[in-house]
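# Observations on the model geometry
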Amino acid sequence: MVDRHYLPVMAGYRFRYAPTRSTQEPAWPSSCHLTQRRPGAVRVGHALPRALAVRIGVGGAEAAGAPAVPPGWTVAVVPGAPAVEDDLTRAVADRPDVTVRTLAAGEAEAHRLCPASGYHLIRPDGYVAAHGHGADRARLRAELTAHLGAPAKAPAVTG
């Protein structure tokens, strides 16, 4: 049982799961490590803000056109560099259980996510599992392998 003196403190606390692998965060040096450390920022281990989760379809029953089954893993792409979205889409092309959603311009900044061009890997429960920038495609693949195992090999085409 929680003592009544602790309840007001815990009520405002945002739980965060600490990263355990180096691949969960951008390669060093990164702009979010150096300049984007602001209070209240959504980092690896934090829950995705509810309004954004609902908009990109990882928000459960309230999401517009929500699927009947819980969503799988989602890669939220922050646009910016010209080929980032295409590179990240190709990086997860062999994983049908991973969905790619592109955020609107300025949407990451509005929801206190890192605004640099890159990605946020969202777990099915809505927590940010990993974050990286445009050049961190290999880190994204490493995280997906850590969580989901190696991708299934495509069947060989014969004939």
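Now for a description of the structure that goes with this document. Not measured: the values here are computed from a predicted model. (Residues numbered from 1 in each chain as written. Predicted model: local features only at pLDDT ≥ 70, side-chain atom pairs only at ≥ 80, totals over all residues. Heavy atoms only, no water.)

In this section: the overall build of the chain. Regarding its fold elements, the chain presents six helices and four strands. Across the 159 residues in the chain, those meeting the buried criterion constitute 35%. Long-range pairs, those at least 24 residues apart, make up 68% of the contacts in the chain between residues at least 6 apart in sequence. Of the accessible surface of the chain, which amounts to about 9300 Å², a share of 59% is contributed by carbon and sulfur atoms. (Helix = DSSP H or I, 4+ residues; strand = E, 2+ residues; numbered from the N terminus. Buried < 20%, exposed > 50% of the residue type's maximum accessible area, 1.4 Å probe, protein only. Contact = heavy atoms within 4.5 Å. Areas by Shrake-Rupley, 256 points an atom, 1.4 Å probe, with all protein chains shown as cover.)

Time to look at the sheet that holds strand E4 (residues 128–133). In spatial order, the strands read E2-E1-E3-E4; together these four strands make up an open sheet with mixed pairing. Across the chains shown, the open sheet's two edge strands, defined by having one partner strand only, are strand E2 (98–102) and E4. Within the sheet, the average angular offset between the axes of one strand and its neighbour, ignoring direction, is 20°. Each of strand E1 (73–78), E2 and strand E3 (118–122) touches helix H4 (residues 84–91); the most contacted strand, E1, lies at about 165° to it. Strands in contact with helix H6 (residues 137–148) are E1, E2, E3 and E4; relative to E3, the strand with the most contacts, it is inclined by about 5°. (Pairing = 2+ DSSP bridges. Axes fitted to C-alpha atoms, helices over the stretch in contact; angles between N-to-C directions.)

Right, let's talk about the packing of H4 against H6 for a bit. Following both chains from N to C, one finds H4 and H6 inclined at 30°, their axes separated by 10 Å at the closest point. With respect to their mutual orientation, H4 and H6 come out roughly parallel. Two packed elements cross with a definite hand, and for H4 against H6 that hand is right-handed. In this structure, H4 uses Asp 87, Leu 88 and Ala 91 to contact H6, whose residues at the interface are Arg 137, Leu 140 and Arg 141. Residue composition of the contact of H4 with H6, grouped by class: three nonpolar, no polar and three charged. (Parallel < 35°, antiparallel > 145°, perpendicular 65-115°, else oblique. Left-handed = near helix turned anticlockwise from the far one by under 90°. Nonpolar A, V, L, I, M, F, W, Y, C, P; charged D, E, K, R; others polar.)

Okay, H4 next. When we look at burial in H4, the residues that qualify are Val 84, Leu 88 and Ala 91. Buried residues of H4 fall within an arc of 55° about the axis and therefore sit on the same side. Where H4 is buried, its residues contact E1, E3 and H6. (Arc of directions from axis to C-beta.)

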